[in-house]
Amino acid sequence: MIKEIDITDINPFKRRIEYFINDETVAYLEYSLIYDRMEIDNVMVNEEYRGKGIGTKLMAHLVSLAIEYRVDNITLEVRVSNEIARNLYKKFGFHEVAIRKYYYGDEDGILMEKNVM
């Protein structure tokens, strides 16, 4: 089950979607809703639940929210080495925009973007 969690007390732009199995959070997606755009800040799926389509469900929910909120685009940064995540984002229509040198300290990041409207 997917549930939206209110964390705007931390930051008025910050949002969180959690995926529950048996009342336990097994995955989440944090994003910022900044006026007419979204930025994915963090996606995490517990290791024992990876490969079961949970990340896909979280992303599909986020894209439906983006349409509902009428945002122009969604952006994110991902490690160059994270092929699984990059492929997930590409499946949802994200494209690689730029390389961010040493974004993760020891590794470059890739800026990805999906146009929504």
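Right above here is the structure, for reference.
Residues numbered from 1 in each chain as written. Predicted model: local features only at pLDDT ≥ 70, side-chain atom pairs only at ≥ 80, totals over all residues. Heavy atoms only, no water.

### Concerning the environment of arginine 86
For the record, the criterion: A helix here means a DSSP run of H or I that spans at least four residues, while a strand means a run of E at least two residues long, and both kinds are numbered starting from the N terminus. Throughout, exposure labels follow a simple rule: accessible area from a 1.4 Å probe, protein chains only, divided by the maximum for the residue type, with under 20% read as buried, over 50% as exposed, and the rest as partly exposed. Contact criterion: two residues are considered in contact whenever any of their non-hydrogen atoms come within 4.5 Å of each other.
Looking at the secondary structure, you find arginine 86 in helix H2 (residues 83-91). Residue classification places arginine 86 among the buried residues on the basis of a relative accessible area of 10%. Residues arginine 86 and serine 32 lie 54 residues apart in sequence; the distance between their C-alpha atoms is 20 Å. Apart from residues no more than four positions distant in its own chain, arginine 86 is found in contact with Val78, Arg79, Val80, Glu96, Ile110 and Met112.

### A word on the side chain of glutamate 30
The following threshold applies: Here a polar contact is recorded for every N or O atom pair within 3.5 Å, except that within protein the pair must consist of a potential hydrogen donor and a potential acceptor, and residues adjacent in sequence are included only if both atoms are side-chain atoms.
Inspection of the secondary structure puts glutamate 30 in strand S3 (residues 24-34). For glutamate 30, a relative accessible area of 15% translates into the label buried. Here the side chain of glutamate 30 touches arginine 16 through a polar contact of 2.6 Å, side chain to side chain. Discounting chain neighbours no more than four positions away, the residues touching glutamate 30 are Lys14, Arg15, Arg16, Glu39, Ile40, Asp41 and Asn42.

### Considerations on the packing of aromatic side chains
The line we're drawing: Pairing of aromatic rings covers Phe, Tyr and Trp, the last through its six-membered ring, and needs centres within 6.5 Å; plane angles under 30 degrees mean stacked, over 60 mean edge-to-face, and all others mean tilted. Here, a charge over a ring means that NZ of Lys or CZ of Arg falls within 6 Å of the ring centre while also lying within 35 degrees of the ring normal.
For the structure shown, the criterion picks out three aromatic pairs. Ring centres of phenylalanine 13 and tyrosine 35 lie 5.6 Å apart, and the angle between their planes is 65 degrees; this geometry places the pair in the edge-to-face category. In this pair, phenylalanine 13 sits in the loop between strand S1 (2-5) and strand S2 (14-21) while tyrosine 35 sits in the loop between S3 and strand S4 (37-45), placing the two residues 22 residues apart along the sequence. Given a relative accessible area of 30%, phenylalanine 13 falls into the partly exposed group. A cation over a ring is seen here: arginine 16 above tyrosine 28, with NZ or CZ 3.8 Å from the ring centre.

### Concerning the packing of helix H1 (residues 54-69) against H2
Quick reminder of the rule: Fitted lines through C-alpha atoms serve as axes, helices being fitted only where they are in contact, and the angles separating the N-to-C directions of these axes extend from 0 to 180 degrees. Put simply, angles under 35 degrees are roughly parallel, angles over 145 are roughly antiparallel, angles from 65 to 115 are roughly perpendicular, and the rest are oblique. The hand of a helix crossing depends on one turn: near helix anticlockwise from the far one by less than a right angle means left-handed, and clockwise means right-handed. As a working rule, the residues Ala, Val, Leu, Ile, Met, Phe, Trp, Tyr, Cys and Pro are called nonpolar, Asp, Glu, Lys and Arg charged, and the rest polar, with Gly in that last group.
Where H1 contacts H2, the two axes come as close as 11 Å, and the packing angle between them is 40 degrees. Taken together, H1 and H2 sit at an angle that is classed as oblique. Where H1 crosses over H2, the handedness of that crossing is right-handed. Of H2, the residues touching H1 (which contributes Gly55, Thr56 and Met59) are Leu88, Tyr89 and Lys91. The residue makeup of the contact of H1 with H2, split by class, is three nonpolar, two polar and one charged.

### Some remarks on the side chain of glutamate 18
Looking at the secondary structure, you find glutamate 18 in strand S2. Among the polar contacts made by the side chain of glutamate 18, one reaches the side chain of threonine 25 at a distance of 2.8 Å. Apart from the residues within four sequence positions on either side, glutamate 18 is in contact with Met1, Ile2, Lys3, Ile5, Thr25, Ala27, Tyr28 and Leu58.

### Quick notes on H1
We count it as follows: Here the expected length of a helix is defined as 1.5 Å per residue gap, with one fewer gap than residues.
Along its 16 residues, H1 runs 22 Å from first to last C-alpha, staying within 8% of the 22 Å computed at 1.5 Å per residue. Backbone geometry just after H1 places arginine 70 at a positive phi near 60 degrees.

### Things to note about the pattern of salt bridges
We apply this condition: For this analysis, a salt bridge means a side-chain nitrogen from Lys or Arg found within 4 Å of a carboxyl oxygen belonging to Asp or Glu.
Counted by the stated rule, this structure contains 11 salt bridges. When the shortest N-O distance is used, the salt bridge between glutamate 30 and arginine 16 registers 2.6 Å. Of this pair, glutamate 30 sits in strand S3 while arginine 16 sits in strand S2; the two residues are 14 residues apart in sequence, bridging distant segments of the chain. With a relative accessible area of 17%, arginine 16 lands in the buried category. Among the ionic pairs, lysine 90 bridges to glutamate 96, the shortest N-O distance being 3.4 Å. The exposure class assigned to glutamate 96 is partly exposed, which follows from its relative accessible area of 36%. Each of Glu83, Arg86, Lys90 and Glu96 takes part in salt bridges that share partners, so that together they form one network.

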